Amino acid sequence: MRIPKRSILKQKTEPPQYGFKVKLNHEYLEKRTPYFKPSLRIIWDLLPLCLRYVWYYLMQKITGKPIVMDYIIMRTAERKYGVPIGGIGSGTIGRGFKGEFCRFQLRPNACEYNTVDANQFIVTIKDKNQETIFQSCLSTYKKTALSAWQCLLNPSKCSYIGLYPRAWTQYDLSKYGVLLTCRQISPVIPHNYESSCLPCAVFVWSVENVCGDDRTVTISFTFKNGTGSRVDKKSACSSKAFSYKSTEGVVLYHTLDKLQCSYTLAAKSVANVNVTKCLNFNPNSTGSTVWNQLLKNGQFDKQLQKNPHIFGEVGVAIAAQINVSSKNTQDIEMILVWDIPSIIYPAPQTKYYRYYTDKFGREDAALKIVDFAFENYEKWEEDIYQWQRPVLEDGWLPDWYKSALFNELYFISDGGSVWLSMKEHEVLEKNSSDPRNKYGRFAYLEGHEYRMYNSYDVHFYASHALNKNWPILQRCIQYDLRDFVFAEVDLKMWMLYNGEIVERKKPNSVPHDAGTPKESPFSLINSYPIHDVSNWRDLGSKFVLQTFRDAWVEGKMDAPFIKDMYKCCDAVMQRELVYDYDDNGLIQNCGEPDQTYDTWVMVGASAYCGGLWLAAVYAMTKMAKCLGLTKDQEFYQKIFDKGVKTFNSKLWNGKYYSFDCSNDQSASIMSDQLNAQWYLGCIGEGKNYPIFPQPNVDSALRIIYKNNVLSFCEGKMGAVNGFLNGQVDKVTVQSQEVWVGVTYALAATMIQEGMFEEGFKTAGGMFKSMTERFGLIFDTPEALYEEKCYRSLGYMRPLSIWSMQLAWEATKETRKNSR
């Protein structure tokens, strides 16, 4: 039967069946803290490092230098977040599920956990006699300012549904004759590079009259300058009203850390929608002037439409009023745009313009963005709906996964990401396939608390989300890394781990990160201060494997891309080959933390680094063959053949792969031991089992599932990193952590190998605990502990959940045959 067009449109805009669903009075029962109490043995082992860190911390504070990983003042989860607003790389504003605007990431060097009382939506309802019968803020969190602004909602009758990048809040005001739904849309659309970079969000208010009389309904939108921090009072502010095409609104000009900034509030001015404006109210007052005018008239008087030029804090607002007849529904369309066209990084000062300015201009772009968003947001919604529909309608997939897959993607925009124009910067090769020529530079933070761009050991896991949805941005990162490998940085750094001064970047080494926003990233690379990352065993392998993965486009290898990357890949592999001390084809670890598990020491050959190395060697043989480099192909094939024999003879213990070749740690069951098999599977090469024989893979996965998953918190917390002698391996802090991103990767590996039930149970127990018990949704940490604690909120690695989707899509035939 043909579905009527209207029904199809409704499907694209109505609240989905799956997502993050709560009432506005929801409270989480189990509260966790960011602190962990290690054993006395671990305290003793880490005591020298802890003392050095305290000294480092004090010296950085005294000299005003950045602390990129703060272990003294750690964030406590506020457990209130919903879908954040904004596109990719232009700053985001968090929104709590109770209706508040919170957690601003507009300054690239700060994540500000502020809730601003003045940033509100307010509803005013009048009856047929134009008497106000109800007025309330449309949020239920407790304010500390603007005491005249009341919240009279019954939160148990209001519900929230979040499915990134959209959210729906439903308010049952039927007591007053109205059902109200707010639809929040951010322009985050896979493969759409024109819209996904925009600093805006659209709010569509659907007003349904469910009574027998007419209703006049006003939705007001208020906002103040700044981000709710103390420096807001030092900002020079001005505002102006505007009428632009079919739009009415207000622009509030101010500064953020001396950066030009404007907030624009606008509403679509169509038939039956009357828009009035407030250009100035005091956000630190009772707010009675604004409140009382809305209460009396449902709109703003002209006395609030004066254009102020003040130094301090100022609020602005718009009010859109409509008449809705009995049993009818009408929409009010609103938008918020934050235009911060440039970024200035300190030490030394480097100025970039954001990518969206290439299309919309570097001055007064806001009104152009407003017009573009109003013209295109319905297409955005259609594209988002079509992107998500195959997952949401897949009857094989569990409900929690349908929420997790999209909601974990929040970090692509809300991870302090920046998308920068390259017009004034490096002159790239003419006629090059380098995507930065057209698409600029993209970077995102390791985490809200670990403020380093593109931490490459972690991005290795997360990169599947980019490669699947915005593959050109992934390639932009890869081209940056290629240039960083050959870059010379004439600086030295003090390392916390051993207290030595080392080169900040050694020749032909893959950097840990692209720098911190608190310095001058992309030139001062490697801001990670704990270890000398030039000797890390996993970074070079991860660069080669990502190159190999990115080269696959529509089932074919992209030879021009491989050609651009091959010299760099060969250089880093030749450099890592020196760690093959026995000339047996396998690199060895050095007995110090020399990989992403940076407190967990590996000795000699290890399952994690050895597997990654061999997978990278395998990739080199394939890429050399693609380019017709026969000698190189033979060279790497010889290493590979030797290395696989060595790897399996040294590390396979008959049931699983030993952690390493040490005496006391080798028996530890590492949940990430098949990481290389996972990555080859994501590329489509895992089914060949070039490194790990299939029986070994099956056995190891079942051992991990039995021990690290089912024997840890009854299988409800994911996979603990290490398991030894029938219990959690407590040799170090990280061995007893659950890494969220690693658990998703392990689940993907299980799905690749046909262990569907085990894979979804492994990841599902963890996700449901995080979101339903701990309240960490849209704040996903790096690590969870068995009890009471977590580490590093808002983290990059959990984007690896997109590898589960890759695995799921790749196993369709297997699932068909298993019916």
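Residues numbered from 1 in each chain as written. Predicted model: local features only at pLDDT ≥ 70, side-chain atom pairs only at ≥ 80, totals over all residues. Heavy atoms only, no water.

Generally speaking, nonpolar side chains in soluble globular proteins are found buried as a group. Ranked by internal contacts, the top residues of the largest apolar core, which has 273 residues, are F203, W205, M334 and M804. Per-element accounting of this core gives the leading share, 14 residues, to helix α13 (residues 607–626). With near-sequence residues (within four places) excluded, M334 lies in contact with F121, A201, V202, F203, W205, I219, F221, A266, A267, I318, A320 and F374. (Core = buried A, V, L, I, M, F, W, Y, C linked by side-chain atoms within 4.5 Å. Buried < 20%, exposed > 50% of the residue type's maximum accessible area, 1.4 Å probe, protein only. Helix = DSSP H or I, 4+ residues; strand = E, 2+ residues; numbered from the N terminus. Contact = heavy atoms within 4.5 Å.)

Cis geometry marks the peptide bond from Y164 to P165, where omega comes out at 10 degrees. Examined against the element boundaries, P165 turns out to sit in the loop between β7 (158–163) and β8 (166–173). Even without being a glycine, N272 presents a positive backbone phi close to 75 degrees. Topologically, N272 is positioned in the loop between β14 (259–268) and β15 (273–281).

This brings us to the packing of helix α9 (residues 456–469) against helix α10 (residues 471–486). Closest axis-to-axis distance for the α9/α10 pair is 7 Å, and the angle between their directions is 145 degrees. In this structure, α9 uses Y456, H459, S463, L466, N467 and N469 to contact α10, whose residues at the interface are P471, L473, Q474, I477, Q478 and L481. Tallied by class, the residues present in the contact of α9 with α10 amount to six nonpolar, six polar and no charged. (Axes fitted to C-alpha atoms, helices over the stretch in contact; angles between N-to-C directions. Nonpolar A, V, L, I, M, F, W, Y, C, P; charged D, E, K, R; others polar.)

The next point concerns helix α11 (residues 539–550). Taking 1.5 Å of rise per residue, 12 residues should cover 16 Å, and α11 covers 16 Å from first to last C-alpha, within 8% of that figure. When we look at burial in α11, the residues that qualify are L539, G540, S541, K542, F543, V544, L545, Q546, T547, F548, R549 and D550. (Expected span 1.5 Å × (residues − 1).)

With that out of the way, let us pick up the sheet that holds strand β29 (residues 669–670). The three strands are arranged β29-β30-β31 in an open sheet whose pairing can be described as antiparallel. The two strands at the open ends of the sheet, each matched to only one other strand, are β29 and β31 (727–728). Two elements, β29 and strand β30 (residues 722–724), share two bridges in a ladder whose sense is antiparallel. Note that in β30 the partner of I669 across the bridge is F723. (Pairing = 2+ DSSP bridges.)

Looking now at the sheet that holds strand β3 (residues 101–105). Taken together, three strands build an open sheet; the order of strands is β2-β3-β4 and the sheet is antiparallel. Edge strands, defined here as strands with exactly one partner in the open sheet, are β2 (92–95) and β4 (112–115). Within this sheet the neighbouring strands show an average axis-to-axis angle of 25 degrees, counted without direction. Looking at chain direction, β3 and β4 are connected through two bridges and run antiparallel. Paired with F104 across the two strands is E112, which belongs to β4.

Next up on the list: the pairing of strand β17 (residues 315–324). Here β17 lies mainly inside the structure; nine of its 10 residues are buried. Examined bridge by bridge, strand β11 (residues 215–224) and β17 share 10 bridges and lie antiparallel to one another. Its bridge partner being in β17, T222 is matched across the sheet by A317. As paired strands, β15 and β17 are joined by seven bridges and run antiparallel to one another. Within β17, the residue paired with V275 across the bridge is A320.

This part takes up α13. Between the first and last C-alpha of α13 there are 28 Å, a value that for 20 residues agrees with the 28 Å anticipated at 1.5 Å per step. With respect to burial, α13 is a largely interior element, 17 of its 20 residues being buried. Once α13 finishes, G628 follows within two positions and takes phi at roughly 75 degrees, a positive value.

In the structure shown here, the tally under the stated rule is 40 salt bridges. Between K542 and D538 there is a salt bridge whose closest N-O contact spans 2.9 Å. There is no split in this pair, since K542 and D538 are both buried. Two residues, R797 and E782, come together in a salt bridge whose shortest N-O distance is 2.8 Å. In this pair, R797 is assigned in the loop between β34 (790–791) and α19 (801–810) and E782 in the loop between α18 (756–773) and β33 (783–784), connecting sequence segments 15 residues apart. The two residues R797 and E782 agree in class, both being buried. Taken together, the shared-partner salt bridges in this structure form one network comprising D434, R436, R441, D480, R482 and D483. (Salt bridge = Lys/Arg side-chain N within 4 Å of Asp/Glu carboxyl O.)

Inspection of every chain in the model, using the stated rule, returns zero disulfides. The thiol of C609 is not disulfide-bonded; the next cysteine sulfur, from C590, is found 9.4 Å away. There is no disulfide at C661, and the cysteine sulfur nearest it, in C609, is 12 Å away. (Disulfide = S-S within 2.5 Å.)

Quick look at the side chain of D513 now. Mapped onto the fold, D513 is located in the loop between β24 (501–505) and α11. Within the structure, the side chain of D513 is placed 2.7 Å from the side chain of H512, a separation counted as a polar contact. Among the polar contacts made by the side chain of D513, one reaches the main-chain amide nitrogen of G515 at a distance of 2.9 Å. For D513, the residues in contact, after removing those within four places along its chain, are M452, Y453, N454, S455, I525, N526, S527 and Y528. (Polar contact = N/O pair within 3.5 Å; in protein donor to acceptor, adjacent residues only side chain to side chain.)

On the surface, V54, W55, L58, M59, I62, I72 and I73 cluster together into a nonpolar patch covering about 710 Å² of accessible area. Within the fold, I62 resides in helix α2 (residues 40–63). Residue I62 is classed as exposed on the basis of its relative accessible area, which comes to 66%. (Patch = residues over 30% accessible without salt bridge, like charges linked within 9 Å, V, L, I, M, F, W, Y side chains within 5 Å. Areas by Shrake-Rupley, 256 points an atom, 1.4 Å probe, with all protein chains shown as cover.)

Inspection of the entire model under this criterion finds 64 aromatic pairs. Taking the centre distance of 6.1 Å and the plane angle of 25 degrees together, the rings of Y171 and W205 count as stacked. Linking Y171 in strand β8 with W205 in strand β10 (residues 200–209), this pair joins segments that are 34 residues apart in sequence. The exposure class assigned to Y171 is buried, which follows from its relative accessible area of 4%. Among the aromatic residues, those joined into a cluster by ring pairs are F20, F97, Y160, Y410, F411, F442, Y444 and F778. Over the aromatic face of F101 sits the side chain of R95, whose NZ or CZ is 4.5 Å from the ring centroid. (Phe/Tyr/Trp six-rings, centres within 6.5 Å; stacked < 30°, edge-to-face > 60°. Lys NZ or Arg CZ within 6 Å of the ring centre and 35° of its normal.)

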